[in-house]
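Breakdown of the fold
What follows is the residue order along each chain.
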Amino acid sequence: TLKKIGSFFNNISITSKIFLGFALVFLIFSALSFTSLQNLKVEKKNLEVVSNLTENSAKILDINREISEIQRLVNVYSVTGGSSIILKIKESYESLNVKINEVESKTRSEKKKGLVNSLKNVLDSYGENIDALENRVIYRHKLINEKLPNVFAEGVNLLEDKLKRTKSKNEIIQVQDVIKKWYRI
């Protein structure tokens, strides 16, 4: 089956390979977006739980504000990839951990402690997702700024080599047409 897959990829055009590469990147980012949306839905539900807490309301409201700020920073970081933004996200995350621990230490009701613990679990998942986000943005940056341009340049080189080796005028015209299409991608 690996031979079949290998021969399949050898037989398809470079344009199709690039299209498949873009499709793969699109699928990856779609999956990441879907995961983010699911995380946002869970976060929304947990924020509703937080709003029901009456004790430590000032801290809870501050935590809510910081979570929204982290979400905003995550969106900005996803677009820009700025290292100062990821540092701000991590600082906010650490600050949130301190505040939640303060709220937990002042909470007496077991039911409310359960709610605070569920919020802590959400925050823990934020911590895990911050590192994953950083890695995804670094990968996206490498993909867009390094790998895809290299693939494009490789394609140009292959097509130009083919053009140099081609003898018939009909084949030369076909290769030149493919080169023009390649540059329009």
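Located above this text is the structure these notes cover.
Here is a short report on the structure shown in this document. (Residues numbered from 1 in each chain as written. Predicted model: local features only at pLDDT ≥ 70, side-chain atom pairs only at ≥ 80, totals over all residues. Heavy atoms only, no water.)

Each pair of packed helices can be summarised by the angle the axes make with each other and by the distance between the axes. In the contact formed by helix α3 (residues 57-80) and helix α5 (residues 110-165), the axes pass within 10 Å of each other and the chain directions differ by 15 degrees. With respect to α5, the element α3 is oriented roughly parallel. Note that α3 runs across α5; the crossing there is left-handed. Facing α3, whose interface residues are I63, I67, I70, Q71, V74, Y77, S78 and V79, α5 presents L119, Y126, L133, E134, V137 and R140. For the contact of α3 with α5, the residue count by class is ten nonpolar, two polar and two charged. (Axes fitted to C-alpha atoms, helices over the stretch in contact; angles between N-to-C directions. Helix = DSSP H or I, 4+ residues; strand = E, 2+ residues; numbered from the N terminus. Parallel < 35°, antiparallel > 145°, perpendicular 65-115°, else oblique. Left-handed = near helix turned anticlockwise from the far one by under 90°. Contact = heavy atoms within 4.5 Å. Nonpolar A, V, L, I, M, F, W, Y, C, P; charged D, E, K, R; others polar.)

For the rest of this paragraph, the subject is a nonpolar patch on the surface. A cluster of nonpolar side chains, I5, F8, F9, F19 and L20, forms an exposed patch at the surface whose accessible area comes to about 500 Å². Listing elements by their share of the nonpolar patch, those giving two or more residues are α1 (2-11) and α2 (14-51). Counting residues per element, the nonpolar patch draws most heavily on α1, at three residues. Position of I5 relative to the elements: it lies in helix α1. The class of I5 is partly exposed, set by a relative accessible area of 44%. (Patch = residues over 30% accessible without salt bridge, like charges linked within 9 Å, V, L, I, M, F, W, Y side chains within 5 Å. Areas by Shrake-Rupley, 256 points an atom, 1.4 Å probe, with all protein chains shown as cover. Salt bridge = Lys/Arg side-chain N within 4 Å of Asp/Glu carboxyl O. Buried < 20%, exposed > 50% of the residue type's maximum accessible area, 1.4 Å probe, protein only.)

Further remarks concern the pattern of salt bridges. Opposite charge on two side chains makes pairing possible when the charged atoms of those side chains draw close. The tally for this structure, following the rule as stated, stands at nine salt bridges. A salt bridge links D62 to R65; its shortest N-O distance comes to 2.9 Å. Taken together, the residues D62 and R65, both in helix α3 and three residues apart, mark about one turn of the helix. Judged by relative accessible area, R65 falls into the partly exposed class, the value being 48%. Here K162 ties to E171 by a salt bridge, and the two come within 3.4 Å at their closest N and O atoms.

So, about the side chain of E43. For E43, the location among the structural elements is in helix α2. Not counting chain neighbours up to four residues away, the residues in contact with E43 comprise I67, Q71, V122 and Y126.

Within the structure shown, the criterion is met by two aromatic pairs. Between the aromatic rings of F152 and W182, the centroid separation amounts to 5.6 Å while the plane-to-plane angle is 10 degrees, which identifies the pairing as stacked. Here F152 is found in helix α5, whereas its partner W182 is found in helix α6 (residues 169-184), with 30 residues between them in sequence. Judged by its relative accessible area of 1%, W182 is buried. Centroid distance F152 to Y183: 5.6 Å. Interplanar angle 75 degrees. Geometry classified as edge-to-face. Placement of F152 in helix α5 and of Y183 in helix α6 is noted, with a sequence separation of 31 residues between them. Judged by relative accessible area, which is 46%, Y183 ranks as partly exposed. The structure contains a cluster of three or more aromatic residues connected by ring pairs, namely F152, W182 and Y183. (Phe/Tyr/Trp six-rings, centres within 6.5 Å; stacked < 30°, edge-to-face > 60°.)

In short, the description is geometric, and any link to function would need to be established separately.
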